[in-house]
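Summary of structural features
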Amino acid sequence: MSLPVDAVDVKKRIEECKSLQDVESIRLEYLGKKGLIPSEMKLLGKLSIDERKLKGQELNKLKTLVEETVNNQKTNIENKEIEKKLQNEKIDVTLPQQEITDGKIHPISQTIFSIIEIFGNLNYSVEAGPDIESDFNNFSALNIPPHHPAREMQDTFYVQNSDGEDNVLRTHTSPVQVRTMLKTKPPIKIIVPGRTYRSDSDSTHTPMFHQVEGLVVNKDANMADLKSTLITFLKEFFEIDNLKYRFRPSYFPFTEPSAEMDVAFTKKNNVLKIGEGDEWLEILGCGMVNPKVLENCNIDSSVYQGFAFGMGIERLSMLKYGITDMRGLFDLNLKWLDHYGFSPLDLRNRAEV
Ligand code: DAH
């Protein structure tokens, strides 16, 4: 029993193939419907029993040989192609960096750095509190009892804790006033930059935004101190010495008396100029801490008094850096950040904290 004459030959031909198509055409030549082996098989019936047996075995052997060699060669070619691909995809780590741009500091972070730096120089320390707050800290302790109309001024996100009790996503940074007064004895002198949440979303409101709170409690805090602190801060922040501003009486449940501070601006050719002009832009709320709030936080209001203020960081940021669309601040658009962001390597942009 031996293989047909060309068996060695066909093995060699298959193994020399460089492409899958070449292998496939030899396979068809031998194993295809009209290929050599099926055609020979058809002729077997014409042979004698002995010859048929012999020839049949030879053809089956040849068939197996072709099938195995074809499969092996196909695998070889595929492996070589993968290897070649990997070779070409190799990253040359010695190439100079070209397309990777430096990361940038977001204007909101930059604004927070500046605020911390300015108040840091005025001896304020930085406090923080959780985003999820109790109703007591966010409202009641701040003299905003249940059903008080001031609760409706702030569209609140409610979250239930595991006991079924209502917590809130803090609607302002003011609850950190409460936390600080409950855990620290006066004198207190803090700012609280942080995230705040209200169920409000349009071109000038986002459901998450940032505020910075300020609180001073001691034996002689007064309105004149409050005013000079805020004037100093805004002049430094906007880098304008003769900033035009005004204080207006206002109402907040947690301060008495309360005020709002406006800065003047002009708008020419769609460009906003801060600090001068005849139009006014509201920047912050402030006032003397309501004695009821001091008492709610176990501070004796016949001995201590305080002032507080709160402002929106997005607005400060947009005014200082000329950002016109608030939504850009939260779009995660790298081109936008490349334009408005700040280099982390520029030390002038960083507060020394
Ligand atoms: N919490 C106020 C708000 O979110 C802002 C505010 C006003 C904070 C007056 C204060 C303050 O501390 O004294 O609208």
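Residues numbered from 1 in each chain as written. Predicted model: local features only at pLDDT ≥ 70, side-chain atom pairs only at ≥ 80, totals over all residues. Heavy atoms only, no water.

Quick notes on the overall build of the protein chain
Counting its secondary structure elements, the protein chain contains 12 helices and 11 strands. In terms of principal-axis extent, the alpha carbons of the protein chain reach across some 125 × 50 × 35 Å. Taking all 353 residues of the protein chain together, 41% fall into the buried category. The contacts in the protein chain between residues at least 6 apart in sequence include a share of 65% that link residues at least 24 apart. Counting every atom, the protein chain has about 21200 Å² of accessible surface; 51% of that belongs to carbon and sulfur. Within the protein chain, the 53 negative side-chain charges are centred at a point lying 7 Å from the centre of the 44 positive side-chain charges. (Helix = DSSP H or I, 4+ residues; strand = E, 2+ residues; numbered from the N terminus. Buried < 20%, exposed > 50% of the residue type's maximum accessible area, 1.4 Å probe, protein only. Contact = heavy atoms within 4.5 Å. Areas by Shrake-Rupley, 256 points an atom, 1.4 Å probe, with all protein chains shown as cover. Lys, Arg positive; Asp, Glu negative; His and termini not counted. Charge placed at Lys NZ, Arg CZ, Asp CG, Glu CD.)

Thoughts on the site of the ligand
What surrounds the ligand is a group of 15 residues, the closest being His 172, Ser 174, Arg 198, Gln 211 and Glu 213. Here Ser 174 contributes a side-chain N or O atom positioned 3.0 Å from a nitrogen atom of the ligand. Across the complex, the protein chains shield 91% of the 360 Å² of accessible surface that the ligand would expose by itself. Across the shell around the ligand, the residue classes tally to five nonpolar, eight polar and two charged. (Near = heavy atom within 4 Å. Polar contact = N/O pair within 3.5 Å; in protein donor to acceptor, adjacent residues only side chain to side chain. Nonpolar A, V, L, I, M, F, W, Y, C, P; charged D, E, K, R; others polar.)

Some thoughts on unusual backbone geometry
Looking along the chain, the bond that leaves Pro 186 and enters Pro 187 is cis, with omega of 5°. Within the secondary structure layout, Pro 187 lies in the loop between α8 (175-183) and β5 (188-197). Between Glu 256 and Pro 257 the backbone carries a cis peptide bond, its omega angle lying at 0°. The backbone of Asn 123 shows a phi angle near 70°, a positive value even though the residue is not glycine. Secondary-structure assignment places Asn 123 in the loop between α5 (107-121) and β1 (125-126). In this structure Asn 123 comes out as exposed when scored by relative accessible area, which is 62%. Positive phi is not limited to glycine here, since Asn 298 has a value of about 60°. Mapped onto the elements, Asn 298 comes out in the loop between α10 (291-296) and β11 (305-312).

Details of the sheet that holds strand β2 (residues 132-134)
The three strands lie next to each other as β2-β4-β3, forming an open sheet whose pairing is antiparallel. The open sheet has two free edges, formed respectively by β2 and β3 (158-160), since each of these has just one partner strand. In this sheet, adjacent strand axes meet at a mean angle of 45° when their direction is disregarded. Here β2 runs beside strand β4 (residues 166-169); their pairing, made up of three bridges, is antiparallel. When the sheet's bridge partners are listed, Glu 133 is paired in β4 with Val 168. (Pairing = 2+ DSSP bridges. Axes fitted to C-alpha atoms, helices over the stretch in contact; angles between N-to-C directions.)

Regarding the pattern of salt bridges
By the definition in use, this model includes 17 salt bridges. Asp 131 is the partner of Arg 170 in a salt bridge, and the nearest nitrogen-oxygen pair spans 3.9 Å. Taken as a pair, Arg 170 in the loop between β4 and α8 and Asp 131 in the loop between β1 and β2 lie far apart in primary sequence, 39 residues in all. Overall, the relative accessible area of 2% leaves Arg 170 in the buried class. (Salt bridge = Lys/Arg side-chain N within 4 Å of Asp/Glu carboxyl O.)

Focus: the packing of aromatic side chains
Summed over the entire model, instances satisfying the criterion amount to 10 aromatic pairs. Arranged with centres 6.1 Å apart and planes meeting at 75°, the rings of Tyr 245 and Phe 247 form a pair that is edge-to-face. By relative accessible area, Tyr 245 is classed as partly exposed at 32%. Taken together, the aromatic side chains of Phe 119, Tyr 124, Phe 233, Phe 237, Phe 238 and Phe 309 make up a single cluster linked through ring pairs. Sitting over the face of the ring of Phe 237, Lys 320 holds its NZ or CZ atom 4.7 Å from the ring centroid. (Phe/Tyr/Trp six-rings, centres within 6.5 Å; stacked < 30°, edge-to-face > 60°. Lys NZ or Arg CZ within 6 Å of the ring centre and 35° of its normal.)

Description of the domain arrangement of the protein chain
Split into domains, the protein chain comes out as domain 1 (7-89) and domain 2 (107-340). Taking only C-alpha atoms, the centre of domain 1 and the centre of domain 2 are 81 Å apart. (Domains from an automatic or database assignment.)

Some details on the nonpolar core
A general tendency of soluble globular proteins is for nonpolar side chains to be buried together. Judged by nonpolar contacts, the single largest core of 46 residues is most densely connected at Ile 115, Phe 233, Leu 234, Phe 238, Ile 274, Phe 309 and Leu 316. Going through the elements one at a time, α5, β6 (208-218), α9 (223-238), β8 (255-268), β10 (279-289), β11, α11 (313-321) and α12 (334-340) are the ones with two or more residues in this core. The biggest single contributor to this core is α9, with seven residues. Judged by nonpolar contacts, the second largest core, of 22 residues, contains Leu 215, Phe 254, Leu 294 and Cys 297. (Core = buried A, V, L, I, M, F, W, Y, C linked by side-chain atoms within 4.5 Å.)

Re the pairing of strand β9 (residues 271-274)
As paired elements, β8 and β9 share four bridges and run antiparallel to each other. Across the sheet, residue Lys 267 finds its bridge partner in β9, namely Leu 272. Hairpin connection between β8 and β9: a loop of two residues separates the two successive antiparallel strands, and Asn 269 in this loop has a positive phi of roughly 50°.

Quick word on α11
With seven of nine residues buried, α11 is to be regarded as a mostly interior element. Inspection of α11 places Ile 313, Glu 314, Leu 316, Ser 317, Met 318, Leu 319 and Tyr 321 among the buried residues, and these make up the whole buried set.

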